[in-house]
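Working through the structure, step by step
This is what each chain is made of:
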Amino acid sequence: MARQKFTREEALAFHLEPEPGKWEVQATVPMTTQRDLSLAYSPGVAVPCEEIAKDPERAYDYTNKGNLVAVISNGTAVLGLGNLGALGSKPVMEGKSVLFKRFADVNSIDIELDTEDPDAFCNAVRLMGPTFGGINLEDIKAPECFIIEQRLKEEMDIPVFHDDQHGTAVICAAGLINALHLSGKKIEDVKIVLNGAGAAGIACIELLKSMGARHENCIVCDTKGVIWQGRTEGMNQWKSAHAVATEARTLEEAMAGADVFLGVSVKGAVTPEMVQSMADKPVIFAMANPDPEITPEEAQDVRPDAIVATGRSDYPNQVNNVLGFPYLFRGALDIHARAINDEMKIACAEALAALAREDVPDEVGVAYGRSLSFGRDYIIPTPFDPRLIYTIPPAVAKAGMRTGAARRPIVDMEGYVQRLKSRLDPTASILQGITSRARAAQARMIFAEGDDPRVLRAAVMYQRGGFGQALVVGREADVKDKLEAAGMGDAVRELEVVNAANTRHLETYKEFLYRRLQRRGQDRQDIHRLAARDRHVFAALMLAHGHGDGLVTGATRKSAHVLRLLNHVFDADAAHGAAGVTALLAHGRIVLISDTLVHEWPDENDLATIAERAAAVARHLGLEPRVAFVSFSTFGYPVSERAQKMHLAPEVLDARGADFEYEGEMTVDVALNPRAREAYPFQRLTGSANILVVPARHSASISVKLMQEMGGATVIGPILAGLDHSIQICSTNATASDILNMAVLAACKVG
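This structure is a prediction, so every number in the text was calculated from the model and none was measured.

Tallying secondary structure elements over the chain gives 32 helices and 21 strands in all. Its C-alpha atoms give the chain a radius of gyration of 29 Å, within 12% of the compact-globule value 27 Å for 751 residues. Summarising its shape, the C-alpha atoms of the chain cover approximately 95 × 70 × 45 Å along the three principal directions. Residue pairs at least 24 apart in sequence account for 70% of intrachain contacts in the chain once pairs closer than 6 positions are excluded. Of the roughly 33100 Å² of accessible surface on the chain, 51% is carried by carbon and sulfur atoms. If you average the places of the 79 positive and of the 97 negative side-chain charges in the chain, the two averages end up 3 Å apart.

Written out as structure tokens, the structure is:
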């Protein structure tokens, strides 16, 4: 996965739109009627208050405490940026909060404390303890981070976890388990050298010692060299605990004969000569960010037998904290843990290591654009492996229960695993898969409307996102001016701007178009105007002649008008089986609605074709199609001539021998709600429908816009399906991000 480029303006826009920041609060109970308000607040709220006052453990039953983590920092060690202060750290802490939600469905709130005094910091956190089920400390400089965490662990009865320390340590330990397994070595026998005696480094070496590494076999180095017994310069109590009797005084001397190198230091700290001096089958975890102590290429050039991991996503074996902290807290919260102890961290590491040794699901390989299997380049699971949520938390929970950290042990572990599976957000993995496939495709994407700033921003995002070459149809001077106005003037050199005046293919395009339209009332002058002056037609001609791999248009003109223009070049109409499919993503579910673009009033044969097109899109998205032909009636009641075609469409699919599930006609609640379907035991759907085929385009449009405005659904589409070429039509109110999504779909040839 390549490192992605973006400008400061793009990063700022991401945090500004559609609302400032990265998360908001939503109620989980009805808040519409007076009765709702009376139950939510006074007087109804008094009842749970009294119960909690009698038994504080009931707070886990009647409040959100049991699924709420605070991400707390004072901003003294922000990422690689140093001491930015409390407020300067807030974007990072908000980001950590949304990662908790995205990966483990843990609610989280960020809190920035404006103090560098450990006593004041600890007092503030301790006093907030009743609110939360756990505390995640973040970006606090050493040695204060050690003092703060230890004191809070002693004073609080909920998990306190400094992720900069222990998150890195857990993932490092998981990778090392598998690296040693492949090398045929045991942790108690290997010589380990650590470079970087800060928060993460100390945590790594302490966890490895808890797992069996011998104190005398572990050499720790800092900026002044080896930490040896008797050294006084630059020492503190945390470093002193890891001092060893050794003659080595420099990192270079320590590395000679070492089996394992762990780096949490700085770029270039390790030379090829140091790697050359290591023992057979060395393990090198160069985890400095953004640039490792030594690159995998440099290390493996001198030692082909080395197993190398870094903190980078563009190299194999990424040591990524997101593999640990969400699932550690998920398991800890679910047993109402008093703490996250070493046994729970080790259980997390061992479960991650075991997961990497299992067969990798196809959808994970597809998402990453390559085959993944346990070996030297795959010793740590990928962050988007859907098995993480139901594999790691149970291991953590069991360790917590075994060691007495659990207030409320889990009795039915099998049921717990099933509940964890239900927390998975399928939309996230689907979108990740599409994104990864698009990057692998490296499609040359034609953006037809280079006169629109949103389209230009999307084109830049497409190219800088590593998806492929962006081809913008427009005038070079106009494109340059609009990019400069958007603060992206440097992108002019990256994009390829194409128009009728600078292409050598215009006459070929015109001849092709004339052959198509000469019997449809178009003369050569009409053809010239279409090919040379209309950007939608010109872009379509580029695609038809293989001068691009996909096309995105529609941001500046109504979709029906754009479709008519595209029909000059392609057979993008109902008569040739085209259809529009719109994806709705809401509340962890994805539903496709068809036809939202092409058919005005389809008959039963058209509806069957629409279902086939939608099923193909669903499979491109990684879904197993389940089609419902929806109406205001269910299986013949109430009787209506207008519902008749919805009743007949499944029979058409029967005759065609369709290879996916389908049923109808039925109302939307029967299609989507398993309980509603219980009244119809004869129906054939094995689960909730994920494709709704509606009676007409107007009902499709109403459904989509209602869900978007009232239900808060994310809308992707309409996806134009059934064409031989990859074309996607945006809506006129699309944002730059929406246009980018459509380009990514076009790159994947979804449709």
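Right, let's talk about the pattern of salt bridges for a bit. All chains considered together, the criterion is met by 44 salt bridges. With a shortest N-O distance of 2.8 Å, Glu 494 and Arg 464 are connected by a salt bridge. Separated by 30 residues along the polypeptide, Glu 494 in the loop between helix H22 (476–485) and strand E13 (496–498) and Arg 464 in helix H21 (residues 453–464) bring together distant segments of the chain. On the basis of relative accessibility, which here comes to 22%, the residue Glu 494 falls in the partly exposed class. Through salt bridges with shared partners, a single network forms among Lys 90, Glu 94, Asp 110 and Glu 112.

Further remarks concern the environment of Tyr 315. Counting through the fold element by element, Tyr 315 comes out in the loop between strand E10 (307–310) and helix H15 (325–334). Along the primary structure Tyr 315 and Pro 296 are separated by 19 residues, whereas in three dimensions their C-alpha atoms are 7.8 Å apart. Excluding residues within four positions of it along the chain, Tyr 315 makes contact with Thr 295, Pro 296, Glu 297 and Thr 310.

A separate point is the pairing of strand E6 (residues 218–222). Extensive coverage of E6 is indicated by the burial of five of its five residues. Covered by surrounding structure in E6 are Cys 218, Val 220 and Asp 222 together with Ile 219 and Cys 221, the residues of both alternating faces. With respect to chirality, the unit in which strand E5 (residues 192–195) leads through helix H10 (residues 199–210) into the neighbouring parallel E6 is right-handed. Pairing of E6 with strand E7 (residues 225–226), which is carried by two bridges, proceeds in the antiparallel orientation. Directly across from Asp 222, in E7, lies its bridge partner Gly 225.

The next subject is the packing of helix H23 (residues 506–517) against helix H25 (residues 535–544). Following both chains from N to C, one finds H23 and H25 inclined at 95°, their axes separated by 10 Å at the closest point. Relative to H25, the element H23 lies roughly perpendicular. From H23, Tyr 509, Phe 512 and Leu 513 reach across to H25, where they touch Val 537, Phe 538, Leu 541, Met 542 and Ala 544. Of the residues in the contact of H23 with H25, the class split is eight nonpolar, no polar and no charged.

Attention shifts here to a nonpolar patch on the surface. Judged by side-chain polarity, Trp 23, Val 25 and Ile 109 come together as a nonpolar surface patch covering roughly 270 Å² of accessible area. Position of Trp 23 among the secondary structure elements: in the loop between helix H1 (8–16) and helix H2 (34–40). Classification of Trp 23 as partly exposed rests on a relative accessible area of 31%.

When the UniProt feature table is mapped onto this chain, "active site" (unreviewed entry) is found at Lys 96. Turning to its location among the elements, Lys 96 is positioned in helix H6 (residues 90–104). Excluding residues that lie within four positions of it along the chain, Lys 96 makes contacts with Val 71, Asn 136, Glu 138, Asp 163 and Phe 325.

What follows deals with the nonpolar core. Formed by 96 residues in total, the largest nonpolar core has its most connected members in Ile 135 and Phe 285. In terms of residue count, helix H9 (residues 163–183) provides more of this core than any other element does, nine residues in total. The two domains that each donate at least three residues to this core are domain 1 (8–28 + 64–158) and domain 2 (166–321). Filtering out sequence-adjacent residues up to four positions away, Ile 135 remains in contact with Ala 70, Ile 72, Val 125, Met 156, Ile 158, Pro 159, Val 160, Phe 161 and Phe 329.

Here the focus is the domain arrangement of the chain. Per the domain assignment, the segments making up the chain are domain 1 (8–28 + 64–158), domain 2 (166–321), domain 3 (435–568) and domain 4 (579–719). A separation of 43 Å is found between the C-alpha centroids of domain 1 and domain 4.

Further remarks concern the pairing of strand E14 (residues 550–553). Alternating residues of E14 divide into Gly 550 and Val 552 and Leu 551 and Thr 553, and every residue in both groups is buried. Direction of pairing for strand E11 (residues 445–447) relative to E14: parallel, over a ladder of three bridges. Counted as the bridge partner of Met 445 is Gly 550 from E14. In this sheet, strand E21 (residues 727–729) lies alongside E14 in parallel orientation, the contact comprising three bridges. Looking across to E21, one finds that Val 552 is bridged to Gln 728.

To continue, consider unusual backbone geometry. In the segment running from Asn 289 into Pro 290, the intervening peptide bond is cis, with an omega of 5°. Looking at the secondary structure, you find Pro 290 in the loop between strand E9 (283–286) and helix H14 (296–302). Residue Pro 638 is reached from Tyr 637 by a cis peptide bond, and omega for that bond is -5°. Here Pro 638 is to be found in the loop between strand E17 (626–630) and helix H28 (644–656). Although it is not a glycine, Asn 317 sits at a positive phi angle of roughly 60°. Relative to the helices and strands, Asn 317 resides in the loop between E10 and H15.

Attention now moves to the UniProt feature "domain: Malic enzyme N-terminal" (unreviewed entry) in the chain. The feature "domain: Malic enzyme N-terminal" (unreviewed entry), as given by UniProt, occupies residues 20–153 in the numbering adopted here. Here residues 20–153 is 44% helix and 12% strand, with 34 Å between the C-alpha atoms at its ends.

Rules used throughout
- Residues numbered from 1 in each chain as written.
- Predicted model: local features only at pLDDT ≥ 70, side-chain atom pairs only at ≥ 80, totals over all residues.
- Heavy atoms only, no water.
- Helix = DSSP H or I, 4+ residues; strand = E, 2+ residues; numbered from the N terminus.
- Rg over C-alpha atoms; globule rule 2.2 N^0.38 Å.
- Contact = heavy atoms within 4.5 Å.
- Areas by Shrake-Rupley, 256 points an atom, 1.4 Å probe, with all protein chains shown as cover.
- Lys, Arg positive; Asp, Glu negative; His and termini not counted.
- Charge placed at Lys NZ, Arg CZ, Asp CG, Glu CD.
- Salt bridge = Lys/Arg side-chain N within 4 Å of Asp/Glu carboxyl O.
- Buried < 20%, exposed > 50% of the residue type's maximum accessible area, 1.4 Å probe, protein only.
- Right-handed = clockwise from strand over helix to strand, strands pointing away.
- Pairing = 2+ DSSP bridges.
- Axes fitted to C-alpha atoms, helices over the stretch in contact; angles between N-to-C directions.
- Parallel < 35°, antiparallel > 145°, perpendicular 65-115°, else oblique.
- Nonpolar A, V, L, I, M, F, W, Y, C, P; charged D, E, K, R; others polar.
- Patch = residues over 30% accessible without salt bridge, like charges linked within 9 Å, V, L, I, M, F, W, Y side chains within 5 Å.
- UniProt positions renumbered as here; feature names shortened; annotations may be inferred.
- Core = buried A, V, L, I, M, F, W, Y, C linked by side-chain atoms within 4.5 Å.
- Domains from an automatic or database assignment.

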